[in-house]
Amino acid sequence: MRRAFSPVIILVLSCVPAASAQAAPFGVRLTHYGDPATTVAVSWNSDVATDNQVAWGTAPDVLTTTFVVPASFTDAMPAPLGTSFSARLAGLQPSTTYYYRVGAPGAYYPSPPAAPLTFTTLSDDRCDPLRFVVIGDNRADTNTGSPGGSDLYAGIIDESLASAPLLFVNTGDMVKNGDVADEWDAMIRASEATWSTIPSITTQGNHDTGDPDGDGALYNRLYELPQNSTTDTEDYYSIDVGPVHFVSLNTQHLDASELPEMAAWLDADLAATTQPWRVAFFHKAVYSRGNHFTGEEEDAAGNLGVINRVLTP
């Protein structure tokens, strides 16, 4: 939405190797869909529709556990995104480092002798500290080529990694045009070095949307995230990560029923949580936000300021 980066916020709250000449998986990314101490979602894309497996283990040279992505989590996407796969790994041990490769037996990525990718599950003690980075508007501000992320994006991510975050929280506008597959392709490739090691949770910005919205949008087809109980989509959701109850809201839901429906879900969701910290994140702010004036969003009747009226109370 903005033409410049939102500030990067690093918070502590308490109680890749190059591809070969042959086709290979790309854009490997980790997201949370369940308990971060025992689960993680591994997603990737490939030009090869059979690159649908994850091999993992607790030692870099012993990746003996495999997971084959079922058809329901396999999605043929517009070029150049090929086929998208999402593996929901479960039954993991808390506070444990896992090593993994994706693709197919005999053709896993990263291919040996390159080291496998890694991730570390969170502690199951919700009073342990959680260090996370909040970042948004990392899109390029251009309509030409395949812009994906801003030229500043890689440097900002590298600097934030020095704080050893356990989670990235993205507040949206990851690309300029959410219905352009080339931009998402550039974005997931540029993010792999970080996203393949540190899980993310995300929300949808106005630039990330496309036609159609909901589960048919490229955004929803690329990221494996929790679903809400009202629409059964990832458009908005909540998840507990360490001591924090995170709520991702969608400020694109502005018609006569969508926003009040989401707000009612939010009331019930926040009333049910017992987490010591509660963090709601969304793209369009309820107060001042740079070159976008406060309250510009319209409801179905054309009245301005609908996000403020519904969410601020």
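Just so you know, these numbers come straight off a predicted model, no measurement behind them.

Some words on the overall build of the protein chain
- On a plain count of helices and strands, the protein chain comes out with 5 helices and 15 strands.
- The buried share of the protein chain, reckoned over its 313 residues, is 52%.
- A total accessible area of about 13100 Å² is found for the protein chain, and carbon and sulfur atoms account for 53% of it.

Points about the pattern of salt bridges
- All chains considered together, the criterion is met by 4 salt bridges.
- Residue Arg 88 pairs with Glu 224 through a salt bridge whose shortest N-O separation is 2.8 Å. Here Glu 224 lies in the loop between α3 (218–222) and β13 (237–241) and Arg 88 lies in strand β7 (residues 83–89), a separation of 136 residues in the sequence.

Considerations on the packing of aromatic side chains
- Counted according to the given criterion, the structure contains 10 aromatic pairs.
- Ring centres 5.7 Å apart and planes at 55° place the aromatic pair Tyr 100 and Phe 119 in the tilted group. With Tyr 100 in strand β8 (residues 97–103) and Phe 119 in strand β9 (residues 117–120), the pair connects residues that are 19 residues apart, well separated along the chain. Of the two residues, Tyr 100 and Phe 119, both sit in the buried class.
- An aromatic cluster of three or more residues is present, and its members are Trp 184, Trp 195, Tyr 219 and Tyr 223.

Notes on helix α1 (residues 153–161)
- Listed as buried for α1 are Tyr 153, Ile 157 and Ser 160. Projected down its long axis, α1 carries its buried residues within an arc of 65°, all on one side. Exposed and facing more than 90 degrees away from the buried side of α1 are Asp 158 and Glu 159.

A look at the sheet that holds strand β14 (residues 244–248)
- Reading across from one edge, β13-β14-β15 is the order of the 3 strands in this open sheet, with mixed pairing throughout. Each edge of the sheet is formed by a strand with only one pairing partner; in this case those strands are β13 and β15 (277–281). Here the average twist between neighbouring strands, direction ignored, is 20°.
- As paired strands, β14 and β15 are joined by 5 bridges and run parallel to one another. Each bridged residue has a counterpart across the sheet, and for Val 244 the counterpart in β15 is Trp 277.

A look at the pairing of β8
- β8 sits mainly inside the fold: 5 of its 7 residues count as buried.
- Pairing between strand β4 (residues 53–57) and β8: 5 bridges, direction antiparallel. For Trp 56, the partnering residue across the bridge sits in β8 and is Tyr 100.
- Note: β8 against β9, 4 bridges, orientation antiparallel.

Examining helix α4 (residues 258–272)
- With 15 residues, α4 extends 21 Å between its outermost C-alpha atoms, agreeing within 8% with the 21 Å of an ideal straight helix rising 1.5 Å per residue.
- Turning to α4, its buried residues are Leu 259, Met 262, Ala 263, Trp 265, Leu 266 and Asp 269. Buried residues in α4, looked at end-on, bunch into an arc of 165°, giving them a common side. Exposed positions of α4 whose direction lies more than 90 degrees from the buried face are Asp 267, Ala 271 and Ala 272.

Details of the nonpolar core
- Formed by 34 residues in total, the largest nonpolar core has its most connected members in Val 169, Trp 184, Ile 201, Tyr 223 and Phe 246.
- Ignoring any residue separated from it by four or fewer positions in sequence, one finds Trp 184 in contact with Leu 81, Met 174, Val 175, Gly 178, Asp 208, Leu 218, Tyr 219, Leu 222 and Tyr 223.
- Grouped together as the second largest cluster of nonpolar side chains are 19 residues, Val 42, Tyr 100, Tyr 109 and Leu 117 included.

Focus on the confidence of the model for the protein chain
- Here the protein chain shows a mean pLDDT of 88. Residues at 70 or above account for 88%.
- Confidence drops under pLDDT 50 across residues 1–7; counting only partners more than four residues distant or on other chains, this segment forms 30 contacts.
- This model gives residues 16–21 a pLDDT under 50, and the stretch forms 10 contacts once residues within four places in sequence are excluded.

Examining the environment of Arg 126
- With respect to the secondary-structure elements, Arg 126 resides in the loop between β9 and β10 (130–135).
- Exposure remark for Arg 126: the relative accessible area of 35% places this residue in the partly exposed category.
- Once the C-alpha coordinates of Arg 126 and Val 244 are considered, the two residues, 118 residues apart in sequence, prove to be 8.1 Å apart.
- If we ignore the near neighbours within four places in the chain, the residues touching Arg 126 are Gly 242, Pro 243, Thr 274, Gln 275 and Pro 276.
- Among the polar contacts listed, one links the side chain of Arg 126 to the backbone oxygen of Thr 274, at a separation of 3.1 Å.

Focus on unusual backbone geometry
- Residues Tyr 109 and Pro 110 are joined by a peptide bond in cis, for which omega reads -5°.
- With respect to the helices and strands, Pro 110 occurs in the loop between β8 and β9.
- Cis rather than trans, the peptide bond between Pro 112 and Pro 113 has omega equal to 15°.
- By the element assignment, Pro 113 lies in the loop between β8 and β9.

Analysis parameters
- Residues numbered from 1 in each chain as written.
- Predicted model: local features only at pLDDT ≥ 70, side-chain atom pairs only at ≥ 80, totals over all residues.
- Heavy atoms only, no water.
- Helix = DSSP H or I, 4+ residues; strand = E, 2+ residues; numbered from the N terminus.
- Buried < 20%, exposed > 50% of the residue type's maximum accessible area, 1.4 Å probe, protein only.
- Areas by Shrake-Rupley, 256 points an atom, 1.4 Å probe, with all protein chains shown as cover.
- Salt bridge = Lys/Arg side-chain N within 4 Å of Asp/Glu carboxyl O.
- Phe/Tyr/Trp six-rings, centres within 6.5 Å; stacked < 30°, edge-to-face > 60°.
- Arc of directions from axis to C-beta.
- Pairing = 2+ DSSP bridges.
- Axes fitted to C-alpha atoms, helices over the stretch in contact; angles between N-to-C directions.
- Expected span 1.5 Å × (residues − 1).
- Core = buried A, V, L, I, M, F, W, Y, C linked by side-chain atoms within 4.5 Å.
- Contact = heavy atoms within 4.5 Å.
- pLDDT = per-residue confidence, 0-100.
- Polar contact = N/O pair within 3.5 Å; in protein donor to acceptor, adjacent residues only side chain to side chain.

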